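A closer look at the structure
Residue-level listing of the chains:
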Amino acid sequence: NVSDTAMASLLAQLAPLVKGKNEEEAVNLLLRFVQTAFAYQTDEQQFNYEKVMLPEETVFYPYSDCEDRAILFSYLVRHLIGLPVVALHYSDHLATAVAFSAPVKGDAYNFKGKQFVVSDPTYVNANVGMAIPQYKNSKVEIIEM
C-alpha cells in the first residue's frame, strides 16, 4: 500500500528527532514541522472545492489548509508520541489540542476529564499552549479524532 509506505517513511524520518525529548519538546518539534513544511492555501484556491486530505495527501500536495494540517499533526503525535489529540473547531478554523501526561502551561480546554493544550498546526511558529489571539475567547467545538 503506497500510503502506508509513504507514512512509514515519514515516521521513520521524524522518530529520531523526537527520541529523548520530553512530551512538550517533542510535540513542539512536530508542531513546527507541520506549521512550516507546507505552503498554505485554502482548498478553494488549490482545488476549487473543499477537500479534506489524508495525512499522505498533505505530504504529497504542494499546499494544505488548517484541517489538512490538523489531521497530519494528530496522526504524527499519536504515532510518534502516543498522546491523545482532539480537533478544535472554531467558526472558520480547525486547530488541535493535545493531552499531555503532566501539566503544560498555556491555552487549554477540559474535555472528558483531561486537559487538552492548544497545539495549532496552522499558527506558524506558535508553541504548545498558544492559541491564535482571535480565537482565544471564541466558541469552540471539541471533536475526538
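Residues numbered from 1 in each chain as written. Predicted model: local features only at pLDDT ≥ 70, side-chain atom pairs only at ≥ 80, totals over all residues. Heavy atoms only, no water.

Not every positive phi belongs to a glycine, and N48 is a case in point at roughly 70 degrees. Position of N48 relative to the elements: it lies in the loop between helix 3 (43-47) and helix 4 (55-60). Although it is not a glycine, N125 adopts a positive phi angle of roughly 70 degrees. Mapped onto the elements, N125 comes out in the loop between strand 6 (114-118) and strand 7 (141-144). (Helix = DSSP H or I, 4+ residues; strand = E, 2+ residues; numbered from the N terminus.)

Here we come to the sheet that holds strand 3 (residues 85-89). What the 5 strands build is an open sheet, ordered 5-6-4-3-7; its pairing is antiparallel. Looking at strand neighbours, the two that pair on one side only are strand 5 (108-111) and strand 7, the edges of this open sheet. Across the sheet, the mean angle from the axis of one strand to that of its neighbour is 35 degrees, orientation sign disregarded. Of the pairings in the sheet, the one linking strand 5 to strand 6 comprises 4 bridges and is antiparallel in character. Pairing of N110 across the sheet is with Q115, part of strand 6. Each of strand 3 and strand 4 (94-99) touches helix 5 (residues 66-80); the most contacted strand, strand 4, lies at about 15 degrees to it. (Pairing = 2+ DSSP bridges. Axes fitted to C-alpha atoms, helices over the stretch in contact; angles between N-to-C directions. Contact = heavy atoms within 4.5 Å.)

Attention now goes to helix 5. In this model, helix 5 (15 residues) spans 21 Å end to end at C-alpha, consistent with the 21 Å of a helix rising 1.5 Å per residue. Among the 15 residues of helix 5, 12 are classified as buried, and the element is accordingly described as predominantly covered. For helix 5, the set of buried residues is C66, E67, D68, R69, A70, L72, F73, S74, Y75, L76, V77 and L80. Note on helix 5: the residue one or two positions beyond its end, G82, has a positive phi of about 75 degrees. (Expected span 1.5 Å × (residues − 1). Buried < 20%, exposed > 50% of the residue type's maximum accessible area, 1.4 Å probe, protein only.)

It is worth spelling out the pairing of strand 3 at this point. Successive residues of a regular strand alternate their side chains across the two faces of the sheet. For strand 3, a buried count of 4 out of 5 residues is recorded, marking the element as mostly surrounded by other parts of the structure. The pairing of strand 3 with strand 4 spans 5 bridges and is classified as antiparallel. Pairing of V86 across the sheet is with A97, part of strand 4. Between strand 3 and strand 4, which pair antiparallel one after the other, the connecting turn spans 4 residues. Relative to strand 7, strand 3 runs antiparallel, the two being bridged by 4 bridges. Each bridged residue has a counterpart across the sheet, and for A87 the counterpart in strand 7 is I143.

By themselves, these observations are geometric and do not establish any function.
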